[in-house]
Amino acid sequence: MTTSSSPHLPSYISAENVGPWHIYLHQVDQVAPLLDKSLWPWVETLRRPKRALIVDVPIRLDNGETAHFEGYRVHHNTSRGPGKGGIRYHQDVTLSEVMALAGWMTIKNAVVNVPFGGAKGGIRVDPRQLSLSELERLTRRYTSEIGTMIGPDKDIPAPDMNTNAQVMAWMMDTYSMGEGRTVTGVVTGKPLALGGSLGRQDATGRGVFVTAREAAKKLGLPIAGARVAVQGFGNVGEASARMFVEAGAKIVAIQDVSATLYNPAGLDIKALKAYHAAERTLVGAPGAESIAPQDFWTVPCEFLVPAALESQINQYNAAGVQARIIVEGANGPTTPEAEAILAERDILVVPDVLANAGGVTVSYFEWVQDFSSFFWSEEEINQRLERIMAEAFGAIWQLADDRKLSLRTAAFVIGCSRVLEARLVRGLYP
Ligand code: NAD
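Cut-offs used in this document
- Residues numbered from 1 in each chain as written.
- Predicted model: local features only at pLDDT ≥ 70, side-chain atom pairs only at ≥ 80, totals over all residues.
- Heavy atoms only, no water.
- Helix = DSSP H or I, 4+ residues; strand = E, 2+ residues; numbered from the N terminus.
- Expected span 1.5 Å × (residues − 1).
- Buried < 20%, exposed > 50% of the residue type's maximum accessible area, 1.4 Å probe, protein only.
- Contact = heavy atoms within 4.5 Å.
- pLDDT = per-residue confidence, 0-100.
- Pairing = 2+ DSSP bridges.
- Axes fitted to C-alpha atoms, helices over the stretch in contact; angles between N-to-C directions.
- Right-handed = clockwise from strand over helix to strand, strands pointing away.

### Overview of helix H10 (residues 358-372)
And step 1. Counted at 1.5 Å a residue, the expected span for H10 with its 15 residues is 21 Å, and the 21 Å between its end C-alpha atoms agrees.
And step 2. Counting buried positions along H10 yields eleven of 15 residues, so the element is predominantly enclosed.
And step 3. All of the buried residues along H10 are Gly358, Gly359, Val360, Thr361, Val362, Ser363, Phe365, Glu366, Trp367, Gln369 and Asp370.
And step 4. Against the buried residues of H10 lie strand E3 (83-90), helix H2 (95-111), strand E5 (155-159), helix H5 (200-219) and helix H11 (378-403).

Rendered as structure tokens:
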């Protein structure tokens, strides 16, 4: 038995495993004493997922053999509404990672005040090893296996690393077949032809850029002419790089899984995107010098945007970071040890639960549009997104300033308070 006054680790997490779930727990523990006392009895609900499902995902390979993959879907908290969070396909996905990503979704959704709880899912698979039809079978079987967890008013998945609008279309179709009717609102990040939203593709990158711009204003740092280094050239990294360039900044370094590119005069993002689309790699891209992966972190720049994996900025490289502002496009890219080093060096960190919340914000718009079968213009979507991101940034900045907190702690105070206030008034069933 665990009571709210004697928390200990659940049996399914090893104390030695200092994975992302422990980083999430550390963040909650930092913030708990700062919350209103009336909420303290409920903090323990943030320290454990509401429910977690592990599924076997067997698929027929193109060569006729059967392969098995491990899949997960976690509902971290549903106090404020249905679960919401992406699906990741990656060879290193673990239950601990998915739990952490679900926990961060709970906080993030509350930070931007969309009426969702936090959820996340994933499959432990290297999707680069699968053909397109194997990927489709994997997605369909996984959707069927987690079918009891998802639904438009229960839990609504979206894309994350290595999943995209096509994967969402297969998920939506599989779920709809089971229901015997077309249920567009079961996933977001869908193609436009299936009730997807204008602006969703770029939404996370746009949110990253808006929060970077707001942070820069506070520090009196102009975006025009600023140097930016971006890790990850996928959905989040490419879109945020493009938006920095549109605002007059130059992208001096890009790192993805294949290469680390550097050009102090500025990389041509459009050309890199076209090169990557054709070659499926950044190796050999023109107009750039290739540098060692570890040198990416010491590139002279004003903005550093990690937009790939967790724990990329850590105790080993934080002391070398040259940026003035780090904007967390990825979830959990900075470890607590690194954060302490960065704070000491007066480097501002715009935290993931704020910086990358643009994706789920437009996912919320998509879900609302699907329910009402009435679709908004891209301009309307981008304006509403900008307003929500800028207001969330303003509220967090204000709280951080008033109480002398980091932006992450301030964001967690706001997010955790909203979740626990909902929990408090709901009371305990039965
Ligand atoms: P993606 O699959 O579109 O792109 C991932 C990028 O990371 C690729 O360019 C890949 O090459 C790069 N990468 C992978 N491993 C790497 C490594 N070891 N070193 C350097 N680069 C590496 O994924 P995405 O959707 O852009 O997601 C990136 C991050 O943003 C994840 O942390 C994700 O959880 C987070 N995020 C995504 C969204 C969204 O809407 N897609 C929303 C919020 C947060």
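### Notes on the confidence of the model for the chain
And step 1. Per-residue confidence for the chain averages 96 on the pLDDT scale, and 96% of its residues sit at or above 70.
And step 2. Averaged pLDDT values over the elements of the chain bottom out at 95 in helix H1 (residues 20-31) and peak at 99 in strand E6 (residues 227-231).

### Quick look at the sheet that holds strand E1 (residues 51-60)
In sheet architecture, strand pairing relies on hydrogen bonds along the backbone and comes in two forms, parallel and antiparallel.
And step 1. Ordered by their spatial adjacency, five strands build an open sheet running E1-E2-E4-E3-E5, and the pairing between neighbours is mixed. One side of each edge strand has no neighbouring strand; the edge strands of this open sheet are E1 and E5. Pairwise comparison of adjacent strand axes, ignoring direction, gives a mean angle of 25 degrees for this sheet.
And step 2. The pairing of E3 with strand E4 (residues 118-124) spans four bridges and is classified as parallel. Opposite Tyr89, over in E4, you have Ile123 as the bridge partner.
And step 3. Most of the contacts of helix H4 (residues 165-179) go to E5, to which it runs at about 150 degrees, and overall it touches E3 and E5.

### Side note on the pairing of E4
And step 1. With six of seven residues buried, E4 lies mostly within the body of the structure.
And step 2. The sheet contact formed by strand E2 (residues 66-77) and E4 spans seven bridges and is antiparallel. Among the inter-strand pairings, Glu70 is bridged to a residue of E4, identified as Arg124.
And step 3. Crossover handedness for the path E3 to H2 to E4: right-handed.

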